Structure formats: structure tokens, C-alpha cells
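# Results of the structural survey
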Amino acid sequence: MNEELTSIGGPVCNEKLPASLIFAEGQHLTHQNKEALWDIFEAIGKNWSNTIYDSNNQRSSWYEMLKAKTENAPNYAGEYVNAIYVLNELYSMYGKDEAFKKLFFESGVDNSAPPTTRLAHCKIYVVNEFIRMQITAGGFKSWGTKYGGEQARNYHGFLGGTRYNRIPRVREYDPETTNSKNDDA
Amino acid sequence: MKNQYDYVIVGAGVAAATIAKGLLEHKHDTSILILEAGPEIIAKDRRFWWDYITRGERPYTFTYDQKFEADSTGNIEYQTDGVRVKAYGGSTMHWGAWCLRFRPEDFNLHTNTGEGADWPINYEDLESYYNDAEAFLSVCGDDNANWIPRSKPYPVPPFEWTAADGAMIEAWEQLDVVYQDGDIDPGTKTKIKSGKMPIARYRKCMTTGTCKYCPIGGRFNAQYVLDDLKNDTRFINFEVRVNAPVHKVNASSKSKIESVTYTDNLNGKKHTVYGDTIILASGAYNVPKLLRASKNEFWQDGIGNDYDLVGRFVVSHSMLNVVGKAKSNPNGWFQEYDFPTLMSHSYNTKEHQKKGKIFMFKNRTTPNVDIAQLMIEGKTREEIDEIVYGEMTINLQAFLEEKGKFSNRLEAKPGVDRFGLPLTTVHFSRTDEEMKNANDRLRLLEQVIEKMGLEVTSSRIDKPGGHHTTGTARMGTSPENSVTDKFMKVHDTDNLYVCSNAAFPTGSAVNPTLTLTAMAFRLVEHLKKTNQIKSKIEDVNTVDTI
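All residue numbers refer to positions counted from 1 along the written sequence of the respective chain. Each chain takes a letter, starting from A, and each ligand takes a number, starting from 1, following the order in which they are written. Under the rules for a predicted model, residues below a pLDDT of 70 receive no local features and side-chain atom pairs below 80 are neither given nor counted, while totals for whole chains, interfaces and linings still include all residues. Think of the side-chain values as coming from all heavy atoms in the structure, minus any hydrogens and water.

### A short note on the overall build of chain B
Threshold: Per the convention used, a helix needs a DSSP run of H or I reaching at least four residues, while a strand needs a run of E reaching at least two, with both numbered from the N terminus. Using C-alpha atoms as the atom set, the radius of gyration is obtained and then compared with a globule rule of 2.2 Å times the number of residues to the power 0.38. With a 1.4 Å probe rolled over the protein chains alone, any residue whose accessible area is under 20% of its type maximum counts as buried; one over 50% counts as exposed, and the rest are partly exposed. Residue contacts follow a heavy-atom distance rule, with two residues in contact if any of their heavy atoms lie within 4.5 Å.
Regarding its fold elements, chain B presents eleven helices and 18 strands. In terms of overall size, chain B behaves like a compact globule, its C-alpha atoms giving a radius of gyration of 24 Å where 546 residues would be expected to give roughly 24 Å. Along the three orthogonal principal directions, the C-alpha set of chain B runs to about 85 × 55 × 45 Å. Here chain B holds 546 residues, and the buried ones make up 62% of them. In chain B, the proportion of contacts linking residues at least 24 apart, taken out of those at least 6 apart, comes to 72%.

Take a look at the structure:
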């Protein structure tokens with residue numbers, strides 16, 4: 001265990017781990033594990049104010065990702081359980097809301113370096129991947145309305161797809177209106 | 001293990017899938033063996049898809065060409081690394097699915113310019129097969145587009161232009177150079193309009209984990225077709241062997257090709273399989289290397305190479321790239337689709353052929369902000385807002401047409417890659433005039449960016465490369481000027497065909513896959529007729545014998 005703490009959290013967060021995925025073949029998540037992880041996903045939407053209904057409209061997609069990541073190799077169950085250890089320590093040290101602020105905005109984790117602490121594993125394998133998934137599932141849509149303009153519907157093709165065929169997939173070019181707002185550009 | 005087939009096809013990409021489907025649907029018990037050097041990559045897998053979404057990982061990247069597997073000589077580097085997928089399904093495992101027809105003048109390049117080569121067929125000879133290919137690949141496109149004569153509408157309607165395309169459309173409209181008279185309807189002042197990119201959609205999302213654009217509707221992937229054929233109980237004599245690199249094509253006489261030899265990469269054993277007809281449907285890299293490696297008493301320099309033409313006339317596309325910057329993005333524009341929706345054929349006309357056509361399109365990813373990455377980096381909502389509505393870049397790109405030259409050549413270098421295929425050397429040079437023309441074309445793109453009110457921040461000509469390599473076993477009218485005839489049959493043979501980008505005499509300024517697919521449909525028709533005639537002759541001989 002680390003004697004000198006170099007980032008947020010305490011001894012659990014700063015405990016050294018190999019950078020590779022935590023081995024977990026054959027392990028499964030409990031219902032309680034999933035609920036604890038859902039708190040991370042929900043907090044992403046709250047902290048960036050980019051989702052509605054407390055992210056519940058993305059819940060089925062998120063569950064599907066969790067299932068795919070824990071029922072096929074390499075199994076993420078070890079990473080997910082590790083993230084719960086990290087969260088519990090952060091909750092106890094900072095309280096729940098502040099814990100997420102520190103985890104999202106002040107973690108001190110280098111996102112491009114191999115993760116060598118429990119905290120870094122949590123940030124890179126769980127938080128960062130949840131963020132990517134959240135944007136893919138529609139979290140991008142709240143950006144694009146600052147000037148009362150039409151909001152983006154699609155983000156590089158990830159959404160607006162086959163399940164939503166009756167909904168226009170993108171903001172389309174309209175020579176009458178679309179570009180007038182850019183006259184000042 | 002069975003070793004005699006009606007058809008042996010080398011390569012398992014779009015050409016092989018098209019040919020096999022056509023022949024099997026014509027005659028269900030036709031025996032066909034496809035030999036693929038690469039492995040089968042698992043597709044339709046949700047885990048792979050999520051790993052792509054969350055980690056940017058694709059399951060097939062290990063099959064890409066590596067830099068050390070090819071040498072490049074000449075006055076410009078030829079990019080070979082990372083451009084092809086060697087696997088079941090071929091490069092349709094990761095292609096962009098842009099499906100553009102060649103234009104009529106592309107088939108008469110030499111006649112029109114004195115450079116490059118003519119095809120032994122015209123656009124009209126291929127037009128109905130283009131219809132077949134578009135239906136097969138489910139190409140979505142704009143029926144109002146007038147850049148090409150066509151006898152049937154697109155099978156699927158187009159994707160609309162995105163709002164982010166608007167400024168470029170307006171700039172093109174203001175620049176006369178974009179709305180030139182084409183040769184579609186001479187004398188009528190028909191204008192070539194800004195276009196909507198035709199894309200092969202094929203099916204609903206199959207969550208392959210290999211599709212960059214998922215789920216726009218699912219790009220075509222030859223895997224789907226081959227899987228369907230393998231699972232169809234009518235086609236009892238259809239077989240695909242993966243991990244099976246072919247090393248040699250064997251002849252029993254000058255004209256009779258009897259078999260191919262391959263290695264089973266799983267156990268190292270060599271096998272020879274016999275075919276009444278042999279079709280080389282691997283790409284423009286492997287076809288010439290295989291033909292040249294196939295030396296025998298009848299073909300001392302390799303099959304089809306009596307005139308030292310195999311591997312020559314390498315043609316590719318270079319990408320022209322101009323990036324412009326605006327100080328702000330008040331609409332928060334993104335491209336919104338990860339493929340280009342806006343294109344122009346204004347410089348892709350007969351008038352531009354001498355200097356080198358270009359095919360222009362707006363970059364598939366601009367303008368864009370990687371919001372997820374900013375969140376990962378810990379940027380707050382307010383900070384990301386500033387970035388989204390702040391500085392914006394837009395990138396205009398174009399493929400540049402190249403003309404085949406005798407001295408530009410692709411050949412094997414000693415050694416084999418991980419899949420047992422020969423390594424590659426590409427000798428490729430451009431003349432000073434070609435370099436000047438390319439730079440002139442770049443200025444045209446810069447004009448558009450400037451017309452949009454943007455500051456040009458980058459303007460460059462990318463390296464030529466293996467993405468669209470064509471021309472290494474080209475079609476023609478005689479063995480003195482080409483490797484294959486107008487049906488892609490190797491000259492002086494009775495039963496060896498090349499259905500590959502290798503057979504293209506020119507590369508046009510657009511992507512080759514739709515044209516290759518159309519050529520595959522045409523070959524199927526040819527084989528059906530040829531083999532009908534053959535069986536009639538055999539029947540007559542049988543009666544005579546009795």
C-alpha cells in the first residue's frame with residue numbers, strides 16, 4: 001500500500017496495481033454492484049448537465065454495455081468492483097456529490113498513461129468508458145442550443161440510427177434558415 | 001478433402017462474394033472454392049461494438065499491412081501500411097462504402113489525352129452492371145444528380161446534406177468554377193450540381209464491431225454475403241477456406257490453367273486444388289505478385305507476363321487536403337455523420353482529364369469537437385461550451401486522378417508476411433508536371449475555403465497509397481498492351497480471370513469498389529454464357545462418342 005498519497009482519495013485509491021485489466025474471468029456483478037456503478041453514470045449526466053430524466057433514458061443501453069463487458073472476455077467485472085471500492089473511499093472522505101466532482105474534474109489521473117493505481121483503473125477503465133458511452137447514447141445533444149439554435153441530433157453517426165427511422169437524423173441544410181445564424185462567423 | 005471444383009476463386013472480398021453469389025444463384029449445385037489468405041474476424045458481436053465505442057478498438061486491425069512489409073522507391077513515398085484488411089470479407093471489413101460510378105471519359109483516357117490507357121470497354125458496356133452493383137450494395141444516392149448518365153434510379157434515397165455543409169455549398173454556388181458545363185449533355189449548358197455522396201448501406205445495423213459508421217443503416221460487408229451463401233442449403237458445393245494463402249497458379253499448357261497451390265496456415269501443409277475456371281479476386285497488390293510467381297515451362301516470366309506488363313502501371317489516388325479556420329461556430333455545428341454528405345464533380349469532367357481530374361468532398365469529420373475527450377480531460381460544462389461555439393475548422397478534400405506509367409511498378413520483395421503472402425516493393429514516381437498540376441488543384445480547393453470566409457491554415461498533398469491501388473494487371477486489347485482481355489481473362493489462357501482492381505486500366509478520380517462490383521456482375525454474365533456454350537459442346541461430343 002502507498003505511504004505517500006499523490007492524488008485524490010486515500011489508501012484504497014492510491015494502492016498500486018498492474019496497469020493491465022484486473023483479472024476476473026468467471027466473475028459476475030451482483031444487482032448491488034450494478035446499482036453502485038449506475039451512480040457513476042448518473043453523476044456524469046448531472047455534473048455536465050447534459051442529460052434528462054437522471055439518465056434513465058440511457059439505462060437500457062448502459063445495462064447492455066455492462067452485460068457485454070462482463071459476460072465476454074476480457075471480463076470487466078474486476079474493474080467494476082474496483083471502481084466501487086474507489087467510490088466508497090471517496091464517498092467516505094468527501095461526501096457523495098463532492099466525491100464525483102473530484103473524480104471527474106480533479107482526479108489527477110493522466111488519462112493517456114497506463115493506470116497503476118486503483119483510482120487510475122477506476123478513471124480509465126470505468127469513468128472514461130462510461131463518458132464515451134454516455135456521449136454515444138445521446139449526451140452530446142445538449143450542446144448546440146446556446147443561441148437558441150437547433151440542437152445537434154447525431155454525433156458522427158453513432159445515433160439517429162435504425163431504431164429512430166422516423167426522426168430526422170441530423171440537422172439538415174436549409175438554404176433559407178440554416179446558415180443565416182452564421183453570418184457573424 | 002475435395003480438390004476439384006468448377007471455380008476456384010482467390011480472395012474473399014467483394015468481387016469474390018459477387019461472383020460466387022451470381023454463379024450459385026444461376027446454378028445451385030455449382031462447385032466453388034474460395035481461398036482467403038487471412039483469418040475470419042468475428043462480426044455481429046456486441047462486445048466488439050462496445051469496445052469500439054468505449055475504447056476505439058477494432059478487432060481486425062492486426063490484419064492491416066505493416067510498414068516493414070513493403071518498400072517504396074521513386075521520388076514520392078507510396079503509403080502501404082494500414083491500408084488493406086487481409087481477412088474473410090476483404091477490405092469491405094473497414095471501407096468507407098462510398099459508391100461512385102466512373103464517368104464515360106474515364107474509359108477513354110488515352111484517346112482523350114494521349115496519356116494513360118483506354119479501357120477495352122465503354123461506360124455503356126458497364127452501365128447496366130452498375131445498376132446491378134448499386135442494387136446489390138444498396139447504394140443510397142440522389143436521383144436528381146446529373147453528373148452521370150444512368151438508366152435506373154438509385155435503390156435507396158440519399159442522406160441529406162447536414163447543416164454544417166451549408167457554407168461550403170454556398171461557396172461552391174458563388175464560384176463559377178464549380179458550376180461548369182460538363183460533357184453529359186453538351187450544348188445545353190447543363191450544370192453539374194453539388195452532390196450527395198452515394199453510400200452502400202446494404203442492411204440494417206448488424207453491430208459488427210467493425211463498422212465505423214454504425215448504425216447509419218449498416219455498410220455493405222462481403223462477410224454478410226459469404227455467410228449467407230455458406231448457410232444456404234441450396235448451395236451444397238460452396239466452400240470457403242480461410243488462412244489459405246495461394247502461392248502459385250499452375251498450368252498444364254500455355255492456355256490451360258489447371259490448379260492453384262496454397263498453404264494451410266493452421267498446419268503448414270501445402271495443397272493443390274483444381275478448377276475448371278480460376279478467378280484471381282484478390283487486390284491489385286496480390287494479383288500481380290501471384291502471376292509473376294507462377295513461372296512454368298509455358299510462362300517463363302510468370303503467367304500473363306510475356307511482355308513484362310504484370311505489376312506495371314500502378315495507379316492510386318493522392319488526397320488533396322485544405323483546412324480552413326473560422327473564429328467561431330455560433331450554431332454549434334458538427335458534421336453529425338461520420339461520412340461526407342457533400343461532394344462535387346465539377347473538376348471530375350472530360351475537360352479536366354488532361355491536367356488530372358479531382359473529385360471534391362467535404363471532410364467526413366469537420367467541423368467537430370470531441371466532447372467525450374474534453375469530459376475525460378476534466379473540462380467543465382462551461383469550458384466545453386466555449387470550445388463548441390468557439391474556433392471551428394472545416395476541411396475540403398479531393399482525390400487526385402493519376403495516370404498509369406510503365407515505370408511505376410509493384411512487385412514482390414523477398415520474404416512473406418504474417419499470412420504467408422509475399423512482401424511488396426512499389427516503385428512510384430511523379431513527373432514535375434504532375435506535381436505542378438497537383439499543386440494547381442490545391443489552389444482551387446483553397447479558393448473554396450477562402451470563399452467561405454475561412455482562413456486557410458493547412459494545404460497539402462498527401463502521399464499516394466494502397467487505399468485505391470489499381471492497374472497492375474490491366475485490361476486491354478492485346479497481350480502487347482495489357483495482361484487481360486475485355487472480360488478480364490488473362491491473354492492467351494482459356495480459363496484464368498482477374499476480377500480485381502488490378503484489371504482497371506485507369507483509376508478515375510473516385511473510389512473503385514462500385515466499378516469492381518459492376519465488373520464482377522459482368523464477369524458472371526460472361527461465365528454463364530461461356531459455360532453454357534461449353535456444356536453444349538460437351539453434350540454434342542458425348543452424343544458423337546456414343
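### Overview of the UniProt feature "domain: Glucose-methanol-choline oxidoreductase C-terminal" (unreviewed entry) in chain B
Threshold: UniProt positions are given in the numbering used here, feature names are shortened, and annotations may be inferred rather than shown by experiment.
Under the UniProt annotation, the feature "domain: Glucose-methanol-choline oxidoreductase C-terminal" (unreviewed entry) is placed at residues 409–520 of chain B. Taken end to end, residues 409–520 of chain B has its terminal C-alpha atoms 25 Å apart, with 25% of it in helix and 21% in strand.

### Quick word on the packing of aromatic side chains
Operational definition: Centres within 6.5 Å are what make two rings of Phe, Tyr or Trp a pair, Trp counting through its six-membered ring; a difference in plane orientation under 30 degrees is then read as stacked, over 60 as edge-to-face, and the rest as tilted. Over a ring means this: the NZ of a Lys or the CZ of an Arg is within 6 Å of the ring centre and within 35 degrees of the ring normal.
With the rule as written, the count across this model stands at 37 aromatic pairs over all chains. The interplanar angle of 80° and the centroid separation of 5.6 Å between the aromatic rings of phenylalanine 136 of chain B and phenylalanine 521 of chain B together place this pair among those described as edge-to-face. On the criterion of sequence distance, the pair formed by phenylalanine 136 of chain B in helix α4 (residues 123–137) and phenylalanine 521 of chain B in helix α11 (residues 513–545) is long-range, its members being 385 residues apart. Residue class for phenylalanine 136 of chain B comes out buried when judged on its relative accessible area of 11%. Site record: aromatic cluster; members linked through ring pairs are Trp38, Phe41, Trp62, Tyr63, Tyr76, Tyr80, Tyr125 and Phe130 of chain A. When the ring centre of tryptophan 38 of chain A is taken as origin, the NZ or CZ atom of arginine 59 of chain A, which lies over that ring, is 4.6 Å away. The ring of tryptophan 161 of chain B carries lysine 196 of chain B above its face, with NZ or CZ at 5.0 Å from the centroid.

### Some details on helix α3 (residues 59–70) of chain A
How we decide: Expected helix span is taken as 1.5 Å per residue step, with the number of steps being one fewer than the number of residues.
In a regular helix each residue adds 1.5 Å, so twelve residues correspond to 16 Å; α3 of chain A covers 16 Å between its end C-alpha atoms and thus fits that length. Every buried residue of α3 of chain A is listed here: Arg59, Ser61, Trp62, Met65, Leu66, Ala68, Lys69 and Thr70 of chain A. Next to the buried residues of α3 of chain A lie α2 (31–48), α4 (77–94) and α6 (118–136) of chain A together with α2 (46–55) of chain B.

### Concerning the packing of α6 of chain A against α2 of chain B
This is how the line gets drawn: The angle between two axes is taken between their N-to-C directions and runs from 0 to 180 degrees, where each axis is a line fitted to C-alpha atoms and a helix contributes only its stretch in contact. Each angle gets one of four labels, with under 35 degrees taken as roughly parallel, over 145 as roughly antiparallel, 65 to 115 as roughly perpendicular, and the rest as oblique. Here the term charged refers only to Asp, Glu, Lys and Arg, the term nonpolar to Ala, Val, Leu, Ile, Met, Phe, Trp, Tyr, Cys and Pro, and the term polar to all other amino acids, Gly among them.
For the pair α6 of chain A and α2 of chain B, interaxial distance at closest approach is 8 Å and the crossing angle is 100°. Relative to α2 of chain B, the element α6 of chain A is oriented roughly perpendicular. Contact with α6 of chain A, carried on its side by Tyr125, Glu129, Arg132, Met133 and Thr136 of chain A, involves Trp50, Ile53, Thr54 and Arg55 of chain B of α2 of chain B and no other residues of that element. Taken together, the residues of the contact of α6 of chain A with α2 of chain B sort by class into four nonpolar, two polar and three charged.

### Let's talk about the sheet that holds strand β5 (residues 195–196) of chain B
Residues and elements named next belong to chain B. What counts is decided by this rule: Two strands qualify as a pair provided DSSP detects at least 2 bridges between them.
Strands sit in the order β5-β12-β13-β14-β11-β17 across an open sheet of six strands; the sheet is antiparallel. Looking along the sheet, the strands with just one partner apiece sit at the ends: β5 and β17 (455–461). Examined bridge by bridge, β5 and strand β12 (residues 342–344) share two bridges and lie antiparallel to one another. When the bridges of β12 are listed, glycine 195 appears paired with methionine 343. Helix α5 (residues 166–174) contacts β12, β13 (358–362) and β14 (392–401) of the sheet and is inclined by roughly 20° relative to β12.

### So, helix α5 (residues 96–105) of chain A
Among all positions of α5 of chain A, only Ala99, Phe100, Lys102, Leu103 and Phe104 of chain A are buried. Where α5 of chain A is buried, its residues touch α2, α4 and α6 of chain A together with α8 (371–376) of chain B.

### Things to note about the sheet that holds strand β15 (residues 409–416) of chain B
All names here are of chain B. Pairing is mixed across the open sheet formed by three strands, whose spatial order is β3-β16-β15. Each edge of the open sheet carries a strand with a single partner, namely β3 (70–73) and β15. Strand-to-strand twist of the sheet, defined as the mean angle between neighbouring strand axes without regard to direction, takes the value 25°. Helix α7 (residues 286–293) rests against β15 and β16 (422–427) of the sheet, and its axis sits at about 70° to β15.

### So, the confidence of the model for chain B
All names here are of chain B. Under the convention used in this document: For every residue, the pLDDT score states the predictor's confidence, bounded by 0 at the bottom and 100 at the top.
Averaged over every residue, the pLDDT of chain B is 91; residues scoring 70 or more account for 92%. In this model, residues 180–186 is a region of pLDDT below 50 whose contacts with residues beyond four sequence positions or in other chains number 21 contacts. When the criterion is pLDDT under 50, residues 213–217 qualifies, and its contacts beyond four places in sequence or with other chains add up to 31 contacts. Taken over the whole predicted complex, pTM reads 0.93, whereas the ipTM for its chain interfaces reads 0.94.

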